[in-house]
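Spelled out from the first residue to the last, the chains are:
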Amino acid sequence: MDTRDVELFLAIARLKSISKTADSLFMSQSTVTTRLQRLERDLGYALFDRVPTGVELTVAGRQFLPLAERMQRLVTEMSKPESSPLPILRIMSGRAFVSTDVPSCLATFHQQSRIRLQVQMGLYDEMVEALTTGRVDFCFLGEPIYHPRVRLVEFVPDKIDLVVSKNHPFTHHFPGPQALVNEPFVAFSRETAPFRKRVMELLAKSHVYPKVSMELDSLDAIKAMVGLGVGYSLLPRRTLADAVHKGCLAIDVGLEDWVRPTLLAYPEEIAEHPITHQFLKVVRDHYASLT
């Protein structure tokens, strides 16, 4: 039995898809299928059943799974006999959190723990999928996830501020959201993104239906465009520490409901793990310091 085929089996079991496994490992689907079939021949039984959404473990596959995980750990230990591998904490976050809260939390956690950190950015839908399939341990979110196997911890929300160029008349006097009716809007992220939807709903409450002049998925690019006078934007306050350096200013809209939630989500099955408690404490302390 080729131990690399066992590693491939574990990847398929985690992602529940031949195509996703092929993409994540930079292989062709035919190669993944061929190697899986080779492992099944070596074992003498089928490991997966095909289903409309991908693949699911057979009864025999579920029984083989813990053995395969143990085998992978042994292979790792044998390849590095001089030291035991560090545990890994896998974190996913949207762009707004990556540019603000995540670095501070990870730097503190790294100083306190002998743990390897894997961090990636993702869209809301990607984070939901990653959490519910066990591909990540924590997600920093600006909108809640409602799932029976996902726990949520809510922290202090972030204000949503109006961002305009430093020469804009609103920097001297901002009469309220209604004044934005005829102003060009530089929007953050795609139309279906939760933060974009939240902003549009808040504007609609003030009977403002903005003219989108530009749509960008980079916070730095948005601040640069606003600084150049392309239009106004609405962004979380904690992302605006460098606004002045980009040639723009942040203005408090003055309404209590103009906030973006701050949430940390993690799978139910890791709730009692010591690393989970340790990371939660670091994040709680970080947000407590902001208040």
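Structure first, text after, so check above.
Here goes a summary of the coordinates provided. Values in this document were obtained by computation on a predicted structure and should not be read as measured data. (Residues numbered from 1 in each chain as written. Predicted model: local features only at pLDDT ≥ 70, side-chain atom pairs only at ≥ 80, totals over all residues. Heavy atoms only, no water.)

Below, the discussion takes up the packing of helix H6 (residues 101-112) against helix H10 (residues 274-290). Running from amino to carboxyl end, H6 crosses H10 at an angle of 130°, the nearest separation of the two axes being 10 Å. Taken together, the axis directions place H6 and H10 in an arrangement best described as oblique. H6 and H10 meet at a crossing whose hand is right-handed. For the pair formed by H6 and H10, the contact residues are Asp101, Ser104, Cys105, Leu106, Thr108, Phe109 and Gln112 on the first element and Ile275, Gln278, Phe279, Val282, Val283, His286, Tyr287 and Leu290 on the second. (Axes fitted to C-alpha atoms, helices over the stretch in contact; angles between N-to-C directions. Helix = DSSP H or I, 4+ residues; strand = E, 2+ residues; numbered from the N terminus. Parallel < 35°, antiparallel > 145°, perpendicular 65-115°, else oblique. Left-handed = near helix turned anticlockwise from the far one by under 90°. Contact = heavy atoms within 4.5 Å.)

Attention now goes to the packing of aromatic side chains. Overall, the coordinates contain eleven aromatic pairs when judged by the stated rule. Ring centres of phenylalanine 97 and phenylalanine 140 lie 6.2 Å apart, and the angle between their planes is 40°; on these two criteria the pair is classed as tilted. On the criterion of sequence distance, the pair formed by phenylalanine 97 in helix H5 (residues 95-98) and phenylalanine 140 in strand E5 (residues 138-141) is long-range, its members being 43 residues apart. By relative accessible area, which is 3% here, phenylalanine 97 ends up buried. Judged by centre distance (5.2 Å) and plane angle (90°), the ring pair of phenylalanine 109 and phenylalanine 279 falls under edge-to-face. With a gap of 170 residues between them, phenylalanine 109 in helix H6 and phenylalanine 279 in helix H10 connect regions that are remote in the sequence. Taken as a pair, phenylalanine 109 and phenylalanine 279 share a single burial class, namely buried. Joined through ring pairs, the aromatic side chains of Phe97, Phe109, Phe138, Phe140, Tyr266 and Phe279 make up one cluster. (Phe/Tyr/Trp six-rings, centres within 6.5 Å; stacked < 30°, edge-to-face > 60°. Buried < 20%, exposed > 50% of the residue type's maximum accessible area, 1.4 Å probe, protein only.)

Our focus in this paragraph is the pairing of E5. On E5, burial covers both faces: Phe138 and Phe140 on one face and Cys139 and Leu141 on the other are all buried. Taken together, the three bridges between strand E3 (residues 88-93) and E5 define a ladder with parallel strand orientation. The partner of isoleucine 91 across the bridge, within E5, is phenylalanine 138. Alignment of E5 against strand E11 (residues 259-267), held across three bridges, turns out to be antiparallel. Residue pairing in the sheet places leucine 141 in a bridge with leucine 263 of E11. (Pairing = 2+ DSSP bridges.)

Two strands pair when backbone bridges link them, and E3 and strand E4 (residues 116-121) are joined in this way by six bridges, in the parallel orientation. Opposite methionine 92, over in E4, you have glutamine 120 as the bridge partner.

We now examine the environment of isoleucine 91. As for its placement among the helices and strands, isoleucine 91 is situated in strand E3. Taking the relative accessible area as the measure of exposure, isoleucine 91 reaches 0% and is therefore buried. As for isoleucine 91 and phenylalanine 64, which are separated by 27 residues in sequence, their C-alpha atoms are 28 Å apart. Excluding residues within four positions of it along the chain, isoleucine 91 makes contact with Leu106, Leu117, Gln118, Val119, Gln120, Phe138, Phe140 and Phe279.

One broad trend across soluble globular proteins is that nonpolar side chains are buried collectively. Judged by nonpolar contacts, the single largest core of 29 residues is most densely connected at Leu162, Leu180, Leu203, Tyr232 and Leu234. Looking at this core, the elements that each hand over two or more residues are strand E6 (150-165), strand E7 (184-188), helix H8 (194-205), helix H9 (219-227), strand E9 (233-236) and strand E10 (248-251). Aside from chain neighbours lying at most four places away, what touches leucine 162 is Phe170, Phe174, Leu180, Tyr232, Ser233, Leu234, Leu249, Ala250, Ile251 and Val253. Counting residues in hydrophobic clusters, the runner-up holds 22 residues, among them Leu89, Ile115, Tyr266 and Ala271. (Core = buried A, V, L, I, M, F, W, Y, C linked by side-chain atoms within 4.5 Å.)

Now for the pattern of salt bridges. As enumerated under the stated definition, the model contains 19 salt bridges in all. We note a salt bridge from arginine 198 to glutamate 143, for which the minimum N-O separation is 2.6 Å. Of this pair, arginine 198 sits in helix H8 while glutamate 143 is found in the loop between E5 and E6, placing the two residues 55 residues apart along the sequence. When its relative accessible area of 14% is taken as the criterion, glutamate 143 is described as buried. When the shortest N-O distance is used, the salt bridge between arginine 237 and aspartate 161 registers 2.8 Å. Of this pair, arginine 237 sits in the loop between E9 and E10 while aspartate 161 sits in strand E6; the two residues are 76 residues apart in sequence, bridging distant segments of the chain. By relative accessible area, which is 35% here, arginine 237 ends up partly exposed. (Salt bridge = Lys/Arg side-chain N within 4 Å of Asp/Glu carboxyl O.)

All right, on to the environment of alanine 265 then. Take alanine 265: it is sitting in strand E11. Between the C-alpha atom of alanine 265 and that of histidine 147, which follows or precedes it by 118 residues, the distance is 10 Å. Not counting chain neighbours up to four residues away, the residues in contact with alanine 265 comprise Leu131, Asp137, Phe138, Cys139, Leu141, Val150, Arg151 and Leu152.

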